[in-house]
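Chain and residue survey
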Amino acid sequence: MTERGNFMTNLASKLKRLYIETVGCQMNVLDSEMVVASLRRQGYDLATSVAEADTILFNTCSVREHAEEKVYNQLARLKMLKAEHPEKIIGVMGCMAQKDQQLVFDRAPYVDLVVGPGQLHRIAELLEKIQQGEGQQMAVSLGRRDGTQEDIRRSHETFDPLRDPSMRPTPFQAYLRIQIGCDKFCTYCIVPMTRGPEQGRSPKDIVQEAHELARQGCKEITLLGQTVNSYRYKDGDKETRLADLLEQIHEIDGIQRIKFVTSYPKDMTRHLLETVRDLPKCSPYLHVPAQSGSDEVLKRMKRGYTVADYYEMYERIEEILPNAAVSSDFIVGFCGETDEDFQQTVQLVKRCRFKNSFIFQYSVRPGTKGAELYADDVPAEVKQRRNVELLAVQNEICQEDNLRFLGQRVEVLVEGPSKMSLKRGEEGPLRQMTGRTHCDRIVVWDGNERQAGQLMSVLIHDVSSHTMFGSVETVELSNQPLVMPVLKN
Ligand code: SAH
Ligand code: SF4
Ligand code: F3S
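What to know about the sheet that holds strand S2 (residues 44-46)
Spatially, six strands are ordered S2-S1-S3-S4-S5-S6 in an open sheet, and the strand pairing comes out parallel. Strands at the two margins of the open sheet, each flanked by one partner only, are S2 and strand S6 (137-139). Pairs of neighbouring strands in the sheet enclose a mean axial angle of 20 degrees, with direction left out of account. Of the pairings in the sheet, the one linking strand S5 (residues 113-115) to S6 comprises three bridges and is parallel in character. Bridged to Val 115 within S6 is Ala 139. In the packing of helix H3 (residues 65-77) onto the sheet, contacts are made with strand S1 (16-22), strand S3 (55-60) and strand S4 (89-94), and the angle to S3 comes to roughly 165 degrees. Sheet strands touched by helix H7 (residues 123-131): S1, S2, S3, S4, S5 and S6. Its angle to S5, the strand with the most contacts, is close to 165 degrees.

Shown next, in the form of structure tokens:
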């Protein structure tokens, strides 16, 4: 064993401190929760900075170039630290690990570990090997053409072993994965390559995990999948769809709200919408990205629907769930997008009046069909201008539509102190609190930290485009004995 190996073995007997940083989508947030839960079992504890950690993990995203460059820059900043403290382990996990593989080691040779999202179950064992002095470790899944369908599928394993409430944004809200991967192959998107083939988890595992979450005190579950409403699981002749899962999870005591993201427009069936309507715990909130309002662009994106199809789906939502909030994603400046194409996107936003839209400038992703077939020909400044214009249109809609809530009471699941409260450094129980309505709108009010986790009625008296401001008039005493004990002394 090398000198470094000996040193590492001695270190392994001590308490291990883990620092983890997560970027990307909800899938990554959930993966980080799982990794922390599994490493806690191996004797790790969480550190709040790289300085006090002996294991540093970056959970990465490849959806846009910018997200990757930020991680490489962060890694570059750790070069000195690693030179001074060679015993510190640096790991890259997530989509960029799967996409870049050996390139991560080439660009940052002092990285010890590269592990893709389909191989996270191996992370504890790989860290152990590094501690034993076995050198750099890499575990990634097969590429989409690197084996039989079955081998490729098996190399992308869902990692949902343990739940850790302390790693969630709040202990009473949790993500629950129902599907991994994606088979839609939109031409701009890297996800089918990093996350592998679409696979539904078994309904038995999903419902069991929902029970476990309820036992942990979780009140709101958000079901996750890249195209969550395409979920299907076949067991012999029996096929389970998302609507069936919603019905089963709805039965669980303690669970009060159920959401699901992200939906694919083509699979937003009448039956699913009616199920959401008929199950009161299901949030009247749907995230159904349109991506563009131009048929030409949608065709090049290979989204599988036309603008007319999207409108038809939207009308179905309006008919069955007239009070639902719908949100969307858009990519501006995709290859060949003309001003006219873009104006059609503006029209779509104006017509659908989304609750909110996430707007992204197209970023070429090597390895996608888009990168292979089309030139990235919309100049950066045009992408930027379209981004700003579309955002302004959406913000105006948000502001106008939020005005409808003035003077109304909304039911809010209280999440905790607001960002503003944290920024202001407010201390003590009385603070500005934040929560969300059933239709996913953000509400803040002057409240009390003990309200966290409760469902409460808030009266709205002011709104901005993204936040509603309210007040709580009743005194909430839950978790408190109604008759205060007599204090001695
Ligand atoms: N599965 C989800 C979204 C996955 S990625 C869906 O199908 O809607 C999240 C969002 O990132 C996408 O909706 C898209 O708007 C955006 N996105 C994906 N690839 C991109 C790229 N190459 N450049 C810019 N934005 C991209
Ligand atoms: Fe990407 Fe399209 Fe799959 Fe969404 S549906 S993850 S955008 S390929
Ligand atoms: Fe990013 Fe991977 Fe999610 S590429 S958006 S972290 S699935």
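Quick look at the layout of surface pockets
Taken as a whole, the second largest pocket spans an internal volume of roughly 570 Å³. If you trace the second largest pocket, you find 24 residues lining it, with Arg 144, Arg 145, Phe 185, Met 193 and Gly 367 closest to the centre. Contributions of two or more residues to the lining of the second largest pocket are made by helix H5 (95-100), helix H8 (149-155), helix H9 (191-195) and helix H16 (369-373). Per-element tally for the lining of the second largest pocket: the top contributor is H5, with three residues. Taken together, the residues of the lining of the second largest pocket sort by class into eight nonpolar, eight polar and eight charged.

Remarks on the site of ligand 1
Within the structure, ligand 1 sits among 15 residues, and Tyr 188, Gln 226, Gln 291, Asp 329 and Ser 363 are positioned closest to it. In the model, a nitrogen atom of ligand 1 is placed 2.8 Å from a nitrogen or oxygen of the Gln 226 side chain. Contact between ligand 1 and Gln 291: an oxygen atom at 2.8 Å from a side-chain N or O atom of the residue. Out of a free accessible area of 540 Å², ligand 1 has 90% covered by protein chains.

With respect to the side chain of His 438
If you trace the backbone, His 438 turns up in the loop between strand S18 (430-437) and strand S19 (442-448). A polar contact of 3.1 Å, which involves the side chain of His 438, links it to the backbone oxygen of Pro 280. Excluding residues within four positions of it along the chain, His 438 makes contact with Arg 257, Lys 259, Pro 280, Lys 281, Cys 282, Ser 283, Pro 284, Tyr 285 and Glu 411.

Points about the side chain of Thr 60
Tracing the backbone shows Thr 60 in strand S3. Of the residues examined, Thr 60 reaches a relative accessible area of 0% and is grouped as buried. Non-local contacts of Thr 60, meaning those with residues more than four positions away in its chain, are made with Val 23, Asn 28, Val 71, Val 92, Met 93, Gly 94, Cys 95, Met 96 and Ala 97.

Observations concerning helix H10 (residues 203-215)
Between its first and last C-alpha atoms H10 spans 18 Å; for 13 residues at 1.5 Å apiece the expected length is 18 Å, and the two agree. Every buried residue of H10 is listed here: Pro 203, Ile 206, Val 207, Glu 209, Ala 210, Leu 213 and Ala 214. All buried residues of H10 project into a common sector of 160 degrees when viewed along the axis, lining one side. Residues of H10 that are exposed and angled more than 90 degrees away from the buried face: Lys 204 and Arg 215. On its buried side, H10 packs onto helix H2 (26-41), strand S7 (173-177), strand S10 (220-224), strand S11 (232-235), strand S12 (238-241) and helix H11 (242-250). Just beyond H10, the residue with positive phi is Gly 217, at close to 95 degrees.

Observations regarding the site of ligand 3
Residues in close proximity to ligand 3 include Cys 25, Asn 28, Cys 61, Ser 62, Val 63, Cys 95, Val 191, Arg 195 and Gln 226, which together make up its full environment. Across the shell around ligand 3, the residue classes break down as five nonpolar, three polar and one charged. No fewer than three residues from each of domain 1 (3-152) and domain 2 (168-283) sit in the shell around ligand 3.

So, how was this worked out
- Residues numbered from 1 in each chain as written.
- Chains lettered and ligands numbered in written order.
- Predicted model: local features only at pLDDT ≥ 70, side-chain atom pairs only at ≥ 80, totals over all residues.
- Heavy atoms only, no water.
- Pairing = 2+ DSSP bridges.
- Helix = DSSP H or I, 4+ residues; strand = E, 2+ residues; numbered from the N terminus.
- Axes fitted to C-alpha atoms, helices over the stretch in contact; angles between N-to-C directions.
- Contact = heavy atoms within 4.5 Å.
- 1 Å grid on protein atoms, 1.4 Å probe; cavity = no way out; pocket = protein on both sides within 12 Å on 5 of 7 lines; lining within 4 Å.
- Points joined across faces, edges and corners; volume = space filled by probe spheres on them.
- Nonpolar A, V, L, I, M, F, W, Y, C, P; charged D, E, K, R; others polar.
- Near = heavy atom within 4 Å.
- Polar contact = N/O pair within 3.5 Å; in protein donor to acceptor, adjacent residues only side chain to side chain.
- Areas by Shrake-Rupley, 256 points an atom, 1.4 Å probe, with all protein chains shown as cover.
- Buried < 20%, exposed > 50% of the residue type's maximum accessible area, 1.4 Å probe, protein only.
- Expected span 1.5 Å × (residues − 1).
- Arc of directions from axis to C-beta.
- Domains from an automatic or database assignment.

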